[in-house]
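Each chain, written out:
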Amino acid sequence: MFDQTLIRICLILGSFITAGYILRRVRQAKVQIEDTIFWLLFSAALLILAIFPGIAYWAANLLGFMSPINFVYVVIIFLLLAKQFFMSIKLSQLDSKVRILTEQVALNEEKVERDKLDL
Amino acid sequence: MSKLLIVIPAHNEEANIVQVVEELTRDYPQYDYVVVNDGSRDKTAAICRAHGYRLIDLPVNLGLAGAFQTGLRFAAENDYDCAMQMDADGQHKPEYIEAMLKELEAGSDIVIGSRFLTVKKPKTLRMLGSYIISWSIRLTTGRAICDPTSGMRMFNRAMVEEFAQNLNYGPEPDTISYLIKNGATVKEVQVEMGERMAGQSYLTFWRSVQYMVKMSISILLIQWFRKRDTETPYPERSL
């Protein structure tokens, strides 16, 4: 029993630290709002699992897990994997944008220098 | 009269852009405009160049917020007194610009071209999102904004500079609610809007749902934590 309470306290702490940290970044205007939505929903999910352990018991029973905490792990792993997947796509897009921008800057530079040489 | 810049963000609008800009230059030559091509995959940029329109051509796609911010930076750098957003799909009608400009000159920071100021908002599924956002703004600021999702918005010089320099200043309802909370004067003017003339709307059902979730969380929760800082311009901040 003590064991479970400790886990729940850890989840609640984790949830508040995540939300607090990301909202502080918003306050300092150091993160774009669309990038904070995931983390706020993530901390909400942790909080819900901590406050209503019945959900974990019910789902663990349904899916045949040995222990309810395993369901909590699965949820966290799934959310982080999904995030990783979408970040991978985003990173790839950013990479191609940087390449196009670099090419554009270099081409513009060349045009400016060529005009100078013509004079 | 104030010097107004009309910013026309265009993403894949080859079918509409000529008609929109031609109407503007033919009937309303007193206003300046600039088309911001947001990395279109179609011939939008080529068409603008061929017609000699004033064009800012973004080499990559930034999305509406980035395209609009580019236009506002242009306005700030070229000493315009105010700027407005106008869609490139022909939904926004230039005959309402004068009324909006008058309202802005009467001392507002932001003027929204509103479809539902004197007209009743229809109770359809499409308008559900608009109702939710109106209600969220009402709840958090106490002010009624009848048409928060209208893209037809006009900004005075102070707002242009603030939008041009800062992070998280997208031309969206959450920014409006944030600015109202920080003391900006926001007025609405009744306008009529047309249907998009041709091409595909960006807002599919799934994207609308995503947009709604983002806007609701942003207005109801995140905006409370923001700190308005008009002193430090954005480029000097380290991200």
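Bear in mind the structure is a predicted one, so any value in this text is a computation, not a measurement. (Residues numbered from 1 in each chain as written. Chains lettered and ligands numbered in written order. Predicted model: local features only at pLDDT ≥ 70, side-chain atom pairs only at ≥ 80, totals over all residues. Heavy atoms only, no water.)

Caption draft 1: Structural view of the side chain of B:Ser218. Looking at where B:Ser218 falls in the secondary structure, it is placed in helix H8 (residues 205-220). Discounting chain neighbours no more than four positions away, the residues touching B:Ser218 are A:Ile33, B:Asp174 and B:Gln223. (Helix = DSSP H or I, 4+ residues; strand = E, 2+ residues; numbered from the N terminus. Contact = heavy atoms within 4.5 Å.)

Caption draft 2: Summary view of the pattern of salt bridges. Summed over the entire model, instances satisfying the criterion amount to nine salt bridges over all chains. Ionic pairing is found between A:Lys90 and A:Asp35, a salt bridge with its closest N-O pair at 3.8 Å. Linking A:Lys90 in helix H4 (residues 68-118) with A:Asp35 in helix H2 (residues 33-51), this pair joins segments that are 55 residues apart in sequence. Here A:Lys90 falls in the partly exposed class, since its relative accessible area comes to 43%. On the basis of relative accessible area, A:Asp35 is assigned to the partly exposed category, the value being 31%. Residues B:Glu161 and B:Arg157 are paired through a salt bridge, measuring 2.7 Å at the closest nitrogen-oxygen approach. Remark: B:Arg157 and B:Glu161 occur in helix H6 (residues 157-165); sequence separation between them is four residues, near one turn of the helix. (Salt bridge = Lys/Arg side-chain N within 4 Å of Asp/Glu carboxyl O. Buried < 20%, exposed > 50% of the residue type's maximum accessible area, 1.4 Å probe, protein only.)

Caption draft 3: The UniProt feature "domain: Glycosyltransferase 2-like" (unreviewed entry) in chain B, seen in detail. Those places that UniProt annotates as "domain: Glycosyltransferase 2-like" (unreviewed entry) correspond, in this numbering, to residues 6-162 of chain B. With 41% helix and 18% strand, residues 6-162 of chain B has its two end C-alpha atoms placed 17 Å apart. (UniProt positions renumbered as here; feature names shortened; annotations may be inferred.)

Caption draft 4: View of the interface of chain A and chain B. Taken together, the contact pairs 19 residues of chain A with 18 residues of chain B. For the pair chain A and chain B, the summed buried area comes to about 1,800 Å², and 71% of that belongs to carbon and sulfur atoms. When the area that chain A buries against chain B is broken down by residue, the three leading residues are A:Leu23, A:Arg27 and A:Ile33, summing to 32%. Counting the contacts that link chain A with chain B gives one salt bridge. In this structure, the salt-bridge partner of A:Glu34 is B:Lys214, at a minimum N-O distance of 3.9 Å. Sort the elements by how many residues they give to the side of chain A that touches chain B and H2(A) lands first, with six residues. Class assignment of the residues belonging to the side of chain A that touches chain B gives a composition of ten nonpolar, four polar and five charged. (Buried area = accessible area lost by both parts, 1.4 Å probe. Nonpolar A, V, L, I, M, F, W, Y, C, P; charged D, E, K, R; others polar.)

Caption draft 5: Here's a closer look at unusual backbone geometry. The phi angle at A:Ala29 is positive, at roughly 55°, despite the residue not being glycine. Among the secondary structure elements, A:Ala29 is positioned in the loop between helix H1 (2-27) and H2. Overall, A:Ala29 belongs to the buried group, its relative accessible area being 13%. Positioned with a positive phi, B:Asn168 is a non-glycine residue whose angle comes to about 65°.

Caption draft 6: Structural detail: the nonpolar core. Residues and elements named next belong to chain B. Within the largest apolar cluster, 33 residues are counted, with the highest numbers of intra-cluster contacts made by Ile110 and Leu179. No other element matches helix H3 (residues 64-77), which puts five residues into this core. Setting aside its immediate chain neighbours within four residues, Leu179 contacts Ile110, Met159, Glu162, Phe163, Tyr169, Ala184 and Arg228. Counting 30 residues, the second-largest nonpolar core is a separate cluster that includes Tyr33, Met84, Leu104 and Met154. (Core = buried A, V, L, I, M, F, W, Y, C linked by side-chain atoms within 4.5 Å.)

Caption draft 7: Summary view of a nonpolar patch on the surface. Among the surface-exposed residues, A:Leu41, B:Leu125, B:Leu128, B:Ile132, B:Phe205, B:Trp206, B:Val209 and B:Val213 lie close enough to one another that they form a single nonpolar patch of about 820 Å² accessible area. Listing elements by their share of the nonpolar patch, those giving two or more residues are helix H5 (125-141) and H8 of chain B. Counting residues per element, the nonpolar patch draws most heavily on H8(B), at four residues. When you line up the elements, B:Phe205 lands in helix H8. For B:Phe205, a relative accessible area of 63% corresponds to the exposed category. (Patch = residues over 30% accessible without salt bridge, like charges linked within 9 Å, V, L, I, M, F, W, Y side chains within 5 Å. Areas by Shrake-Rupley, 256 points an atom, 1.4 Å probe, with all protein chains shown as cover.)

Caption draft 8: Layout of the confidence of the model for chain B. All names here are of chain B. Averaged over every residue, the pLDDT of chain B is 91; residues scoring 70 or more account for 94%. Taken together, the stretch residues 235-239 has pLDDT below 50 and engages in twelve contacts with residues farther than four places along the chain or on a different chain. Among the prediction metrics, the complex's ipTM stands at 0.82, with pTM recorded as 0.88. (pLDDT = per-residue confidence, 0-100.)

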